[in-house]
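Descriptive structure summary
Chain residues, written in single-letter form:
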Amino acid sequence: MAKNSLTRREVLAKAGSMAAAGAVAPIAKASGFTMIKGHSPNDKIVLGLIGCGGMGASNMRNLMNFSDIEVAALCDVDTNRATNDFKDVQNKYGKAPDFYPDYRHMLERKDIDAVIIGTPDHWHAMTFINACEAGKDSYCEKPISHNIQEAVRMASAQRRYKRVVQVGTWQRSTKEFTDALAYVKAGKLGKIVLCRAWISDGTRIGKAKPSAVPSNLDYDFWIGPAKMVPYQSNKVHWNWRWVLNTGGGLTTDWGVHMMDIALLGMSKGLDLVMPTEVSAEGGLFAISDDDRDAPDTIEAVYRFKDPDFVMHWSVGRDHPGKPGHGTEFVSADGKTVRVWRGGWVILDSDGKELPKEEAPAVSDHWREWVDCVKSRGTPKADLQSVAQTTIVCHLSNAALFSGEKVRWDKSAMDIVGGAGKNTSAYHREYRKPWKLPEV
Ligand SMILES: NC(=O)c1ccc[n+]([C@@H]2O[C@H](COP(=O)([O-])OP(=O)(O)OC[C@H]3O[C@@H](n4cnc5c(N)ncnc54)[C@H](O)[C@@H]3O)[C@@H](O)[C@H]2O)c1
């Protein structure tokens, strides 16, 4: 058994001691050099999972379908969350994975090649940069960060440590999105002047009073670099995305999927077009009897130059005649390509459907990452590219939270001037002792 890991029995039995385990762990020291391990196509890639929640576990199960993957270790700050994953990994490989309450101890292991980062958004930057420092590749969930400064730092870390990173924007690999994108990018819709992306939001997390932290959860570690607030049962697992201390609302949660498609369609390759100006209006107008603080109604407008177009992002109450989420490209002569999870259409200016075309098949999102880890290739949801989409999402929140028009400089990778900088979408003061690593 690896140092600092727990057996299954201990995972289940020692849940109460987790707070201590997390609190005393030293911060992993940056290695200062880049380890690039060569892999032959037949090599097994050994994985660790950080964050055994809904999406982390789902990614792990997708990857466990491949015979050249072995999951060796699990990590979560809540022992209850790892129980099913622990059993599944043990059944699949005939041996129990090691369990770590502190991801830094997992990263110290030399036999682990790569990690899946499935924590809530406020933990992505720390876990990702520490993984880069430890020489691990990663499959990192979206949005890549909780704010703009973290996204910029993560992109630097990936470049410095030369890591292969696929982000969980899996629409980049599914048929309807790739067919629609191929059509738009081939110029078949004509000149595009407007993109729209949207999501409907009716989520309630309910109301809960502060209460005692359950013994299975190391709440201090779960909060990590975010602001310490009293534990409320409705603000942790899954629901954290509607709480601005830990998430960014649906603009980051779904905007990163839907605006990503618009940006890809308007870009030549993975280096995305970026807006020059963003303004946004909205608030928490519809859902008042609830503990969420992320806005439920948002209208954001992005201006792009070279090419000239406008992108409209909406977190809305309804979208009559359309799916509850989606992306549209509108041409100069009023034709539209609309795409959503499950389908796509081409419409003339009267809304009549036009014939579609299929693009060549694309590789599976998870398989592509494994192949790139071996070949040191660049996967299609490379972190450099999804950092740009994530920043586009944060810019909408920066404009909304500040009430200002926010300007972006693509080459400086920063906001121009002060507007929007004094917001949680731009940066955060890390709660001590946590510190965003310098890169
Ligand atoms: N790609 C997609 O379609 C998709 C879908 C859902 C969620 N996601 C993303 O996946 C991520 C996880 O979302 P979720 O819905 O699974 O959340 P979740 O709350 O269900 O799971 C997160 C898990 O991480 C654990 N955790 C928190 N801090 C940790 C730390 N420091 N170390 C180890 N574990 C820690 C939590 O205890 C929890 O078990 C988010 O970034 C989310 O945006 C992506």
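Rules and cut-offs
Residues numbered from 1 in each chain as written. Predicted model: local features only at pLDDT ≥ 70, side-chain atom pairs only at ≥ 80, totals over all residues. Heavy atoms only, no water. Helix = DSSP H or I, 4+ residues; strand = E, 2+ residues; numbered from the N terminus. Rg over C-alpha atoms; globule rule 2.2 N^0.38 Å. Buried < 20%, exposed > 50% of the residue type's maximum accessible area, 1.4 Å probe, protein only. Contact = heavy atoms within 4.5 Å. Pairing = 2+ DSSP bridges. Axes fitted to C-alpha atoms, helices over the stretch in contact; angles between N-to-C directions. pLDDT = per-residue confidence, 0-100. Near = heavy atom within 4 Å. Polar contact = N/O pair within 3.5 Å; in protein donor to acceptor, adjacent residues only side chain to side chain. Areas by Shrake-Rupley, 256 points an atom, 1.4 Å probe, with all protein chains shown as cover. Domains from an automatic or database assignment. Buried area = accessible area lost by both parts, 1.4 Å probe. Salt bridge = Lys/Arg side-chain N within 4 Å of Asp/Glu carboxyl O. Nonpolar A, V, L, I, M, F, W, Y, C, P; charged D, E, K, R; others polar.

**Quick word on the overall build of the protein**
- Check the secondary structure of the protein and you find 13 helices and 16 strands.
- Its C-alpha atoms give the protein a radius of gyration of 22 Å, near enough to 22 Å, the size a compact globule of 439 residues would have.
- Projecting the C-alpha coordinates of the protein onto the three principal axes gives extents of approximately 65 × 50 × 40 Å.
- Going through the 439 residues of the protein one by one, you find that 58% of them count as buried.
- Of all intrachain contacts in the protein linking residues separated by at least 6 positions in sequence, the fraction that spans at least 24 positions is 73%.

**Details of the sheet that holds strand 1 (residues 45-50)**
- The strand order 3-2-1-4-5-6 describes an open sheet built from six strands, whose pairing is parallel. With one partner strand each, in any of the chains shown, strand 3 (98-100) and strand 6 (165-167) form the two edges of the open sheet. Between one strand axis and the next, the sheet turns through 25 degrees on average, direction left out of account.
- Contacts from helix 3 (residues 54-64) reach strand 1, strand 2 (69-75), strand 4 (114-117) and strand 5 (137-140), with the element oriented near 160 degrees to strand 2.

**Things to note about the confidence of the model for the protein**
- Overall, the predicted model of the protein reaches an average pLDDT of 92, with 91% of residues at or above 70.
- The model gives residues 12-36 a pLDDT under 50, and that stretch makes 42 contacts with residues more than four places away or in other chains.

**What about the site of the ligand?**
- Taken together, 30 residues form the shell around the ligand, and within it Met55, Asp76, Arg81, Asp121 and Lys142 come nearest.
- Within the side chain of His124, one N or O atom sits 2.9 Å away from an oxygen atom of the ligand.
- In the complex, the protein chains occlude 96% of the 850 Å² of accessible area that the ligand would expose alone.
- Contributions of two or more residues to the shell around the ligand are made by helix 3 and helix 9 (219-223).
- Formed jointly, the shell around the ligand draws a minimum of three residues from each of two domains, domain 1 (8-171) and domain 2 (174-360 + 386-416).

**Let's talk about the domain arrangement of the protein**
- Under the domain assignment, the protein is made up of domain 1 (8-171) and domain 2 (174-360 + 386-416).
- Here the C-alpha centroids of domain 1 and domain 2 sit 26 Å apart.
- Listed per partner, the contact involves 34 residues of domain 1 and 35 residues of domain 2.
- Summed over both sides, the interface of domain 1 with domain 2 buries roughly 3,000 Å², with 65% coming from carbon and sulfur.
- Broken down residue by residue, the surface that domain 1 buries against domain 2 is led by His122, Ile148 and Gln171, which jointly contribute 24%.
- The tally of links between domain 1 and domain 2 comes to one salt bridge.
- The residue Lys142 makes a salt bridge to Asp253 at a minimum N-O spacing of 3.1 Å.
- Our count for the domain 1 to domain 2 interface comes out at 19 residue pairs in polar contact (both at pLDDT 80 or more).
- Contributions of two or more residues to the side of domain 1 that touches domain 2 are made by helix 2 (18-24), helix 5 (103-107) and helix 7 (148-161).
- Counting residues per element, the side of domain 1 that touches domain 2 draws most heavily on helix 7, at four residues.
- Looking at the side of domain 1 that touches domain 2 residue by residue, the class counts come to 17 nonpolar, eleven polar and six charged.

**Considering unusual backbone geometry**
- Residue Lys142 is joined to Pro143 through a cis peptide bond whose omega torsion reads -20 degrees.
- Despite not being glycine, Trp238 shows a phi value in the positive range, around 65 degrees.
- Here Trp238 lies in the loop between helix 9 and helix 10 (250-253).
- You can call Trp238 exposed: its relative accessible area is 53%.

**As for the sheet that holds strand 8 (residues 277-283)**
- Spatially, the ten strands line up as an open sheet ordered 14-13-12-11-7-10-9-8-15-16, and their pairing is mixed. With one partner strand each, in any of the chains shown, strand 14 (353-354) and strand 16 (414-416) form the two edges of the open sheet.
- Pairing of strand 12 (residues 336-340) with strand 13 (residues 343-347) involves five bridges; the strand directions are antiparallel. Each bridged residue has a counterpart across the sheet, and for Thr336 the counterpart in strand 13 is Leu347.
- The strands touched by helix 8 (residues 175-185) within the sheet are strand 7 (192-200), strand 11 (325-331), strand 12 and strand 13, with strand 12 carrying the most contacts at an inclination of about 160 degrees.

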